[in-house]
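What follows is each chain in one-letter form.
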Amino acid sequence: MNTEGYNQLSNEIISCCIEVHKQLGPGLLESVYEICLAKEFDENDIEYKRQVHLPIVYKKEKIDAHFRLDSW
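Residues numbered from 1 in each chain as written. Predicted model: local features only at pLDDT ≥ 70, side-chain atom pairs only at ≥ 80, totals over all residues. Heavy atoms only, no water.

1. Re the overall build of the chain
When its secondary structure is counted, the chain shows two helices and two strands. Element order for the chain, N to C, with α for helix and β for strand: α-α-β-β. Here the chain has a C-alpha radius of gyration of 15 Å; the compact-globule value for 72 residues is 11 Å, and the former is much larger. Sorting the 72 residues of the chain into buried and exposed places 15% on the buried side. Contacts in the chain between residues far apart in sequence, at least 24 positions, make up 21% of those at least 6 positions apart. Once the 8 positive and 13 negative side-chain charges of the chain are each reduced to a mean point, those two points are 11 Å apart. (Helix = DSSP H or I, 4+ residues; strand = E, 2+ residues; numbered from the N terminus. Rg over C-alpha atoms; globule rule 2.2 N^0.38 Å. Buried < 20%, exposed > 50% of the residue type's maximum accessible area, 1.4 Å probe, protein only. Contact = heavy atoms within 4.5 Å. Lys, Arg positive; Asp, Glu negative; His and termini not counted. Charge placed at Lys NZ, Arg CZ, Asp CG, Glu CD.)

2. Section: the nonpolar core
Leu-9, Ile-13, Cys-16, Val-20, Leu-37, Phe-41 and Ile-46 together form the largest nonpolar core, which totals seven residues. Among the secondary structure elements, those contributing two or more residues to this core are helix H1 (3-24) and helix H2 (30-43). The element that contributes the greatest number of residues to this core is H1, accounting for four residues. Non-local contacts of Leu-37, meaning those with residues more than four positions away in its chain, are made with Cys-16, Cys-17 and Val-20. (Core = buried A, V, L, I, M, F, W, Y, C linked by side-chain atoms within 4.5 Å.)

3. A short note on a negative patch on the surface
Among the surface-exposed residues, Asp-42, Glu-43, Asp-45 and Glu-47 lie close enough to one another that they form a single negatively charged patch. Here Asp-42 shows up in helix H2. (Patch = residues over 30% accessible without salt bridge, like charges linked within 9 Å, V, L, I, M, F, W, Y side chains within 5 Å. Areas by Shrake-Rupley, 256 points an atom, 1.4 Å probe, with all protein chains shown as cover. Salt bridge = Lys/Arg side-chain N within 4 Å of Asp/Glu carboxyl O.)

4. Notes on the state of the cysteines
What makes a disulfide is a covalent bond joining the sulfur atoms belonging to two cysteines. Within the structure shown, the criterion is met by zero disulfides. With no disulfide of its own, Cys-36 lies closest to Cys-17 among cysteine sulfurs, the gap being 12 Å. (Disulfide = S-S within 2.5 Å.)

5. Brief notes about the confidence of the model for the chain
Summarising the model, the chain shows a mean pLDDT of 91, and 96% of its residues fall at 70 or more. In the model of the chain, strand E2 (residues 61-71) stands out as the element of lowest mean pLDDT, 77, in contrast to H1, which has the highest, 97. (pLDDT = per-residue confidence, 0-100.)

Below you can see the structure in the form of structure tokens.
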């Protein structure tokens, strides 16, 4: 994807985030926002993955912990 494509995708993602925030407001659990944002992504044909595990490596050794992140 080129710079223009990334800029367009970024704008679409931000628009989805703003819509979720406008509908729900602040103060809810992250899991609620995650579900609603996934619905917005689906409605806008934005591909994504939820709760992707990202391992943690410390001094070249994979430790028994990980981050969970969402990606597109």
